[in-house]
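# A look at the structure
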Amino acid sequence: MKRRTKTAAAVLAIGSLALAGCASGDSAESADGLVWSMWIGSTEDQTAWQAVGEAGAAASGVNVTLQGAPFADYWTKLSTQLGTSAAPCIVSMQSLRINQFNSGLLPLDDLIAGSDIDLAEFDQGALDAMQVDGQQYAIPYDTGPMVLFYNKDAFAAAGVADPTPGWTADEFDAATAKLKDAGQVGFASTVEDLFLESSVLAYNGGRVLDENGEFTFDDSAFGEGVEWIAEAVQDGRATVANGPDNTADDNAFVNGSAASVVGGPWLLLDFNAKTDFEIGVATLPAGPNGGGTFSAGSGFGISSECADPEAALSAIAGMTSEEVLTSLAEQGRAFPARTAAQQVWFDNAGIDGLQEAMDAALETAIPLPGSAKGDQFNQLLVQYGPQMVNGDKPADEVLPEIATQLGS
């Protein structure tokens, strides 16, 4: 899942207990309190997350020490820490990876039952995304359905009407054809798992992962959905997928060389900061048997090595409070998992039609199941996926090759 957002520097005016700076603490509990591990990509990130930790410290009465790493490095480091004395107490977790790390996390159901946390105040899809086998392993702070971002200026210049919620794959094909006639590539393709799988689900319901996170490479509908995208690439209506560069699709959209791209709401702030055209948001184009979309999100869990899980949960309650998530929404960082904070995010974005498109997407969104082999699968998509998305090789030949490499 792409976490490349450029975040605004802001400090939440909450909490009175000190939060230690980005540190290299190597134990689940620091000398002063709890260690919290989070992916951090910039000084703006660090400033914002330190303020979130301060809220956790205020709620728990225990200092929270932020331990940060860039997104890719974060997961490598976490894989060596969990299950050992070096594990952080509070663990930032992504829904797509929770199946890979839940063995080193505490199931939270009993702890939550004895706390003041009211799960009814959270988006149900966001909660479901943080579960494994029906058990809650993290409290979500953000969520988001996959949507289509589009260049309203390019659409208007080509005489293409703004998409409305529920627009069809036929309408998308016609739109990208008109854009091509106007000298504009209509869509930026990608092989990244969440984004490719969401496009296919919306097109015809095809899935390569079932609801239990098991691979279903024999689902012919998934291959047919990929072929639909490949046709757009071969026709010149979509960009060629660049497997090794998972920023290529976003860059093509931002620099104007492609008029639309699939993404999650966490990308909106970055897009707004980098583009000089008006951005629109639409539901993913739906085919006759499709119309849904996948969602993903992130949250905070507790490592199995944490010496004080009750304090950690109290901190997480503060870190995911309505006040904190509302403040993050005001910054435009990500779509909040608390329903009471979501309107603030819409208001902050200031994009016509955004709420209607997001509401429609949320109605059909289901969490993309995590898989214990999720990272390996995405690596194989990077290696083999461009062949099928670019139309160099049929999907029904590439997918069995991926399945063999994956041992499925």
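What this report covers is the structure whose coordinates are included nearby. (Residues numbered from 1 in each chain as written. Predicted model: local features only at pLDDT ≥ 70, side-chain atom pairs only at ≥ 80, totals over all residues. Heavy atoms only, no water.)

Looking now at the overall build of the protein. Check the secondary structure of the protein and you find 17 helices and 14 strands. Against the globule reference of 22 Å for 408 residues, the protein gives a C-alpha radius of gyration of 21 Å, in line with a compact fold. Dimensions along the principal axes, computed over C-alpha positions, put the protein at roughly 65 × 45 × 35 Å. For the protein, the residues scored as buried account for 57% of the 408 residues in total. Partitioning the intrachain contacts of the protein with sequence separation of at least 6 by distance along the chain shows that 77% fall at a separation of at least 24. For the protein, the computed accessible surface area is about 15,200 Å², with 45% contributed by carbon and sulfur atoms. Taken as two groups, the 16 positive and 56 negative side-chain charges of the protein have centres that lie 7 Å from each other. (Helix = DSSP H or I, 4+ residues; strand = E, 2+ residues; numbered from the N terminus. Rg over C-alpha atoms; globule rule 2.2 N^0.38 Å. Buried < 20%, exposed > 50% of the residue type's maximum accessible area, 1.4 Å probe, protein only. Contact = heavy atoms within 4.5 Å. Areas by Shrake-Rupley, 256 points an atom, 1.4 Å probe, with all protein chains shown as cover. Lys, Arg positive; Asp, Glu negative; His and termini not counted. Charge placed at Lys NZ, Arg CZ, Asp CG, Glu CD.)

A few words on a negative patch on the surface. A surface patch of negative charge is lined by Asp 352, Glu 356, Asp 359 and Glu 363. For Glu 356, the location among the structural elements is in helix α15 (residues 354-364). (Patch = residues over 30% accessible without salt bridge, like charges linked within 9 Å, V, L, I, M, F, W, Y side chains within 5 Å. Salt bridge = Lys/Arg side-chain N within 4 Å of Asp/Glu carboxyl O.)

With that out of the way, let us pick up the state of the cysteines. Using the criterion set out here, one finds one disulfide in the structure. With a sulfur-sulfur separation of 1.8 Å, Cys 89 is cross-linked through a disulfide to Cys 306. Here the S-S torsion is close to 85°, and the disulfide linking Cys 89 with Cys 306 is therefore right-handed. Here the residue Cys 89 occupies a position in the loop between α2 (71-81) and β5 (90-94), and Cys 306 occupies one in the loop between β13 (298-302) and α12 (309-319), the gap between them amounting to 217 residues. An identical accessibility class is assigned to Cys 89 and Cys 306; each is buried. (Disulfide = S-S within 2.5 Å.)

Turning next to the packing of aromatic side chains. A full pass over the atoms with the stated rule returns 24 aromatic pairs. Centroid distance Trp 36 to Phe 300: 5.5 Å. Interplanar angle 85°. Geometry classified as edge-to-face. Separated by 264 residues along the polypeptide, Trp 36 in strand β3 (residues 33-39) and Phe 300 in strand β13 bring together distant segments of the chain. Per residue, the accessibility class of Trp 36 equals that of Phe 300, and both read buried. An aromatic cluster is built from Trp 39, Phe 71, Tyr 74, Trp 75 and Phe 101, whose rings are joined through pairwise contacts. (Phe/Tyr/Trp six-rings, centres within 6.5 Å; stacked < 30°, edge-to-face > 60°.)

The next thing to look at is the sheet that holds strand β11 (residues 279-282). Taken together, three strands build an open sheet; the order of strands is β10-β9-β11 and the sheet is antiparallel. Every other strand in the sheet has two partners, leaving β10 (260-263) and β11 as the edge strands with one partner each. On average, adjacent strands in this sheet sit at an angle of 30° to one another, irrespective of strand direction. Inspection of the sheet shows strand β9 (residues 147-151) paired to β10 by four bridges, in the antiparallel sense. (Pairing = 2+ DSSP bridges. Axes fitted to C-alpha atoms, helices over the stretch in contact; angles between N-to-C directions.)

Across soluble globular proteins, nonpolar side chains have a tendency to be buried as a group. Among the nonpolar cores identified, the biggest contains 78 residues, and Phe 149, Leu 194, Phe 217, Leu 354 and Met 388 are the most heavily contacted of them. Ranked by size, the runner-up nonpolar core spans 52 residues in total, among them Trp 75, Val 324, Leu 325 and Ala 337. (Core = buried A, V, L, I, M, F, W, Y, C linked by side-chain atoms within 4.5 Å.)

This part is about the environment of Cys 89. The class of Cys 89 is buried, set by a relative accessible area of 0%. Considered as a pair, Cys 89 and Leu 313 are 224 residues apart in the sequence and their alpha carbons are 9.8 Å apart.

A rise of 1.5 Å per residue sets the reference length of helix α16 (residues 374-389), with its 16 residues, at 22 Å; its end C-alpha atoms lie only 19 Å apart and thus fall more than 12% short of the reference. Helix geometry: α16 is bent most strongly at Gln 383, by close to 50°, with proline Pro 386 lying one to four residues after it. All of the buried residues in α16 are Gly 374, Phe 377, Asn 378, Leu 380, Leu 381, Tyr 384, Gly 385, Pro 386, Met 388 and Val 389. Each element contacted by the buried residues of α16 is listed here: α3 (98-101), α8 (193-204), α9 (220-234) and α17 (395-406). Downstream of α16 by one or two residues, Gly 391 has phi in the positive range, about 80°. (Expected span 1.5 Å × (residues − 1). Bend = angle between axes of the 7 residues up to and from the residue.)

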